[in-house]
Amino acid sequence: DGTELTAKPKRSFYAARDLYKYRHQYPNFKDLRYQNDLCNLRFYKNKIPFKPDGVYIEEVLNKWKGDYEKLEHNHTYIQWLFPLREQGLNFYAKELTTYEIEEFKKTKEAIRRFLLAYKMMLEFFGIKLIDKTGNVARAANWQERFQHLNESQHNYLRITRILKSLGELGYESFKSPLVKFILHEALVEDTIPNIKQSALEYFVYTIRDRRERRKLLRFAQQHYTPSEHFIWGPPRKQKSEGSKTNKKPASPISIPNSHVSKHKKPKEPKNTSASGSSAGKTTEEKKVELTKNVEENSQDEQEMNCDAVRQNSEKNSDTDTSQLSKSEEIHDASDRKEDAPHSKKDNENLNNDSGSHLGTIEKDLCNTENSSNNTSADLQDNLDKDTLSGGTTTKNKDELK
């Protein structure tokens, strides 16, 4: 386990930051700095030699070509052959400017020599340029050069610079074929396995087109071993889809079950609430008649105070009962989902109202019996009727329970 953890590659923050700046934040300085110098363009016009060696471009292309020892051990020419808008290790070489890039692209002589320099470096790596679109293949001496490339890792920095310079000087389309070839040799053919880390950290991310980068990363992910160590892209689709399928059924199943459990329970109380509301209505009607008779015949002040309190409670109960009946009508026409929680509340309010009405009626009966001498025979008949309604209310309350 310990060896696997140490062998697992890690993303380089420096590489990610450097290449992000290359793709998005160039230039790294003001263009007016070297606008009148154009030393890179003059070097490719064969007007000035590169410093500090003092060698012209024609000599490099003619005499240094095939001299792999010189190309390997000299570290000052690469900044002149492939200039960038950033400072390299050779401080004699100057950065490109946007104005110089435009002038460079217009100069056919400079473009021709730039492509010859690119071919020379590809042959040094064991690769040859096939056509004008940038496709590459193995060179004749690829076995020897691949072995050297696999061992001399400082050349990976040179490849990164070459790729960046291709994009700066108008050959962005040449990047993807070269990177694809290197990935194929490193991951599939296993001829240069040591280069795969640099290829995935640097080479791929020099490409400005996001689609091209993703294609290369998918290709690398398919052939990378071990597959669980591939950290330059999202996890495999099978894993992501499997996790989604495990997550998706949980929410739809749990939510409908919760709704069903809420709506199935209130079905029986809903019917009883309807019957309770009708019983409550008959009780209210009888109470209203009783109240009218008591108000007409009562003369005692204490009785009037009791009636006033009773009338306030009846108004509240009437509004509750009317709201209950209206809500029943609305709920019958609406969805059961919204009806369930309201029906529970209405049943509880109905039970409370029935109990309060029963207590109020009994209290009124006691008050009317104490003042029976001041009431008429008609009031006594109404009291008898109200006694019957009280029994009916008690029965309705038992049914509701």
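Residues numbered from 1 in each chain as written. Predicted model: local features only at pLDDT ≥ 70, side-chain atom pairs only at ≥ 80, totals over all residues. Heavy atoms only, no water.

Here the focus is the overall build of the protein. Helix and strand content of the protein: 19 helices and 2 strands. Residues classed as buried in the protein amount to 42% of the 401 residues present. Counting only contacts in the protein whose residues sit at least 6 apart along the sequence, the fraction spanning at least 24 positions is 69%. For the protein, the computed accessible surface area is about 23,400 Å², with 50% contributed by carbon and sulfur atoms. (Helix = DSSP H or I, 4+ residues; strand = E, 2+ residues; numbered from the N terminus. Buried < 20%, exposed > 50% of the residue type's maximum accessible area, 1.4 Å probe, protein only. Contact = heavy atoms within 4.5 Å. Areas by Shrake-Rupley, 256 points an atom, 1.4 Å probe, with all protein chains shown as cover.)

To continue, consider helix α11 (residues 175–188). Spacing of three or four residues puts side chains on the same side of an α-helix, whose turn is 3.6 residues. When the terminal C-alpha atoms of α11 are compared, their 19 Å separation across 14 residues agrees well with the 20 Å that a helix rising 1.5 Å per residue should span. Most of α11 is tucked away, with 11 of its 14 residues classed as buried. Every buried residue belonging to α11 is among Lys-175, Ser-176, Pro-177, Leu-178, Val-179, Phe-181, Ile-182, Leu-183, Glu-185, Ala-186 and Leu-187, and all of these are buried. Immediately beyond the C-terminal end of α11, within one or two residues, lies Asp-190, with a positive phi of roughly 60 degrees. (Expected span 1.5 Å × (residues − 1).)

Quick look at the layout of surface pockets now. Taken as a whole, the largest pocket encloses approximately 500 Å³ of empty space. Forming the boundary of the largest pocket are 17 residues, of which Gly-88, Leu-89, Leu-157, Arg-158 and Arg-161 lie nearest the centre. When residues of the lining of the largest pocket are traced back to their parent elements, those giving at least two are α2 (13–24), α6 (78–81) and α10 (155–168). For the lining of the largest pocket, the leading source of residues is α10, giving 5 residues. Among the residues making up the lining of the largest pocket, the classes are represented as 6 nonpolar, 6 polar and 5 charged. (1 Å grid on protein atoms, 1.4 Å probe; cavity = no way out; pocket = protein on both sides within 12 Å on 5 of 7 lines; lining within 4 Å. Points joined across faces, edges and corners; volume = space filled by probe spheres on them. Nonpolar A, V, L, I, M, F, W, Y, C, P; charged D, E, K, R; others polar.)

For the bond from Lys-51 to Pro-52, the omega torsion is 5 degrees, close enough to zero to count as cis. Counting through the fold element by element, Pro-52 comes out in the loop between α3 (39–44) and α4 (57–63). Phi is positive for Asp-190, close to 60 degrees, though the residue is something other than glycine.

Per the stated rule, a full pass over the model turns up 19 aromatic pairs. Their ring planes at 65 degrees and their centres at 5.5 Å tell us that Trp-142 and Phe-146 sit as a pair that is edge-to-face. On the criterion of helical spacing, the pair formed by Trp-142 and Phe-146 is a turn pair, its members being 4 residues apart in helix α9 (residues 142–151). We classify Trp-142 as partly exposed; its relative accessible area is 22%. Residue Phe-146 is classed as buried on the basis of its relative accessible area, which comes to 1%. Ring centres of Phe-230 and Trp-232 lie 5.6 Å apart, and the angle between their planes is 65 degrees; this geometry places the pair in the edge-to-face category. Accessibility expressed as a relative area gives 3% for Trp-232, which makes it buried. Among the aromatic residues, those joined into a ring-pair cluster are Phe-43, Tyr-44, Phe-50, Trp-64, Tyr-77, Trp-80, Phe-82, Phe-104, Phe-114, Tyr-118, Tyr-171 and Phe-174. (Phe/Tyr/Trp six-rings, centres within 6.5 Å; stacked < 30°, edge-to-face > 60°.)

Three or more residues of α9 are buried, namely Arg-145, Phe-146, Leu-149 and Asn-150. Each buried residue of α9 lies within a common arc of 140 degrees when the element is viewed along its axis, so the set occupies one face. Among the exposed residues of α9, those pointing more than 90 degrees away from its buried face are Gln-143, Glu-144, Gln-147 and Glu-151. Packing partners of the buried residues in α9 comprise α5 (68–73), α8 (108–125), β1 (127–129), β2 (136–138), α10 and α11. (Arc of directions from axis to C-beta.)

Time to look at the nonpolar core. Across soluble globular proteins, nonpolar side chains have a tendency to be buried as a group. Among the nonpolar cores identified, the biggest contains 68 residues, and Leu-81 and Leu-183 are the most heavily contacted of them. The residues touching Leu-183, leaving out its near neighbours within four places in the chain, are Val-188, Ala-199, Leu-200, Val-204, Leu-216, Phe-219 and Ala-220. (Core = buried A, V, L, I, M, F, W, Y, C linked by side-chain atoms within 4.5 Å.)

Quick look at the confidence of the model for the protein now. Summing up the model confidence of the protein, the mean pLDDT is 72 and the portion of residues at 70 or higher is 54%. Contacts for the low-pLDDT stretch residues 312–366, under 50 throughout, to residues beyond four places or in other chains number 55 contacts. Confidence drops under pLDDT 50 across residues 368–377; counting only partners more than four residues distant or on other chains, this segment forms 5 contacts. (pLDDT = per-residue confidence, 0-100.)

The subject of this paragraph is the side chain of Thr-206. In this structure, Thr-206 sits in the loop between α12 (196–203) and α13 (210–223). With sequence-adjacent residues up to four places away left out, Thr-206 is seen in contact with Leu-19, Tyr-22, Thr-160, Leu-163, Lys-164, Glu-172 and Lys-175.

Right, let's talk about the packing of α2 against α10 for a bit. Taken N-terminus to C-terminus, the directions of α2 and α10 make an angle of 15 degrees; their axes are 11 Å apart at the nearest point. In terms of their interaxial angle, α2 and α10 are classed as roughly parallel. As α2 runs across α10, the sense of the crossing is right-handed. Facing Asp-18, Leu-19 and Tyr-22 of α2, the residues of α10 in contact are Leu-163, Lys-164, Gly-167 and Glu-168. (Axes fitted to C-alpha atoms, helices over the stretch in contact; angles between N-to-C directions. Parallel < 35°, antiparallel > 145°, perpendicular 65-115°, else oblique. Left-handed = near helix turned anticlockwise from the far one by under 90°.)

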